[in-house]
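Results of the structural survey
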Amino acid sequence: MEEEKILEKKYSIPYDMFGRAFDAFQKRFVYPRNNVMAVVLLIAAALNIVNIVKGNGSAIGYVLVMACIALAFVNWFNPKKLKRNLMESVKGIEGDVYRVKLLPDKLVIGTVLEPLDAEDKPKEEYEEVFADTPVPEEIADTEIFLTKDVYVLDKPEFFMVYLKRAMFYVIPKKDFSEEEITVMQLHFQKQLDKNYKKYDK
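Summary of the structure given here.

1. As for the pattern of salt bridges
Taken as a whole, this structure holds ten salt bridges when the rule is applied. For Asp23, the salt bridge goes to Lys83, with nearest N and O atoms at 3.0 Å. With Asp23 in helix α1 (residues 15-53) and Lys83 in helix α2 (residues 59-89), the pair connects residues that are 60 residues apart, well separated along the chain. Connected via shared salt-bridge partners are Lys5, Glu8 and Arg99.

2. Concerning the nonpolar core
Leu107, Ile171 and Phe188 are the most contacted members of the largest nonpolar core, which totals 39 residues. Listing elements by their share of this core, those giving two or more residues are β1 (7-12), α1, β2 (97-102), β3 (106-112), β5 (150-154), β6 (158-163), β7 (167-172) and α4 (178-192). For this core, the element with the most residues is α1, which contributes eight residues. In this structure, Phe188 is in contact with Leu102, Leu107, Leu146, Val152, Phe159, Asp193 and Tyr196, ignoring residues within four places of it in sequence. Counting five residues, the second-largest nonpolar core is a separate cluster that includes Ala38, Leu41, Ala45 and Ala72.

3. What about the packing of aromatic side chains?
A full pass over the atoms with the stated rule returns twelve aromatic pairs. Geometrically, the ring pair formed by Phe29 and Tyr151 is edge-to-face, given 5.3 Å between the ring centres and 65° between the ring planes. Pair noted here: Phe29 is in helix α1 and Tyr151 is in strand β5, with a separation of 122 residues, a long-range link. Across the pair, Tyr151 and Phe29 agree in class, each one buried. Pairwise contacts between aromatic rings join Phe22, Phe25, Phe29, Tyr151, Tyr162 and Phe168 into one cluster. The side chain of Lys155 reaches across the aromatic face of Tyr199, ending 4.6 Å from its centre.

Cut-off values and rules
Residues numbered from 1 in each chain as written. Predicted model: local features only at pLDDT ≥ 70, side-chain atom pairs only at ≥ 80, totals over all residues. Heavy atoms only, no water. Salt bridge = Lys/Arg side-chain N within 4 Å of Asp/Glu carboxyl O. Helix = DSSP H or I, 4+ residues; strand = E, 2+ residues; numbered from the N terminus. Core = buried A, V, L, I, M, F, W, Y, C linked by side-chain atoms within 4.5 Å. Buried < 20%, exposed > 50% of the residue type's maximum accessible area, 1.4 Å probe, protein only. Contact = heavy atoms within 4.5 Å. Phe/Tyr/Trp six-rings, centres within 6.5 Å; stacked < 30°, edge-to-face > 60°. Lys NZ or Arg CZ within 6 Å of the ring centre and 35° of its normal.

Below, the structure is given as structure tokens:
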């Protein structure tokens, strides 16, 4: 028996929205931890420098200073590199169409594979040899149960659904009516409580 759907809608994600969503993700979940680590490492480096200046240092002290500074830089640089890699990887999929289903206890997100008309579809080499054309492979939907491991950031342009230590999904508001957006907001707030956070900008 199929579960009752609260809402179902198709949407697409503009390329620049991926970047803004990833910025929101990093600001909320990555930078706070990385900044604390960077400060701790720089304090450790400073303490070692003080030790060296006082004449209590050794060769290992110099190594520790360099290691702490290098690790602090890595903590700062890695998120930027990660974003650059992400933006490169989504260049080919920004035109894709997705479908979201909102159910009482979960979200179901999947890619919509639009069939090509026969006259629009380019001829493949195997079609010249074989009569039968293979059926396109289906992409399995992702089920996201609305549990304590799921966070939703409600930004003016989009919802960002984050599965703890796994993946995040962007759901643009541009493809939804005001009523549908309100339905989603109220449902996320009810199901996720403190894991749902609304932002005005």
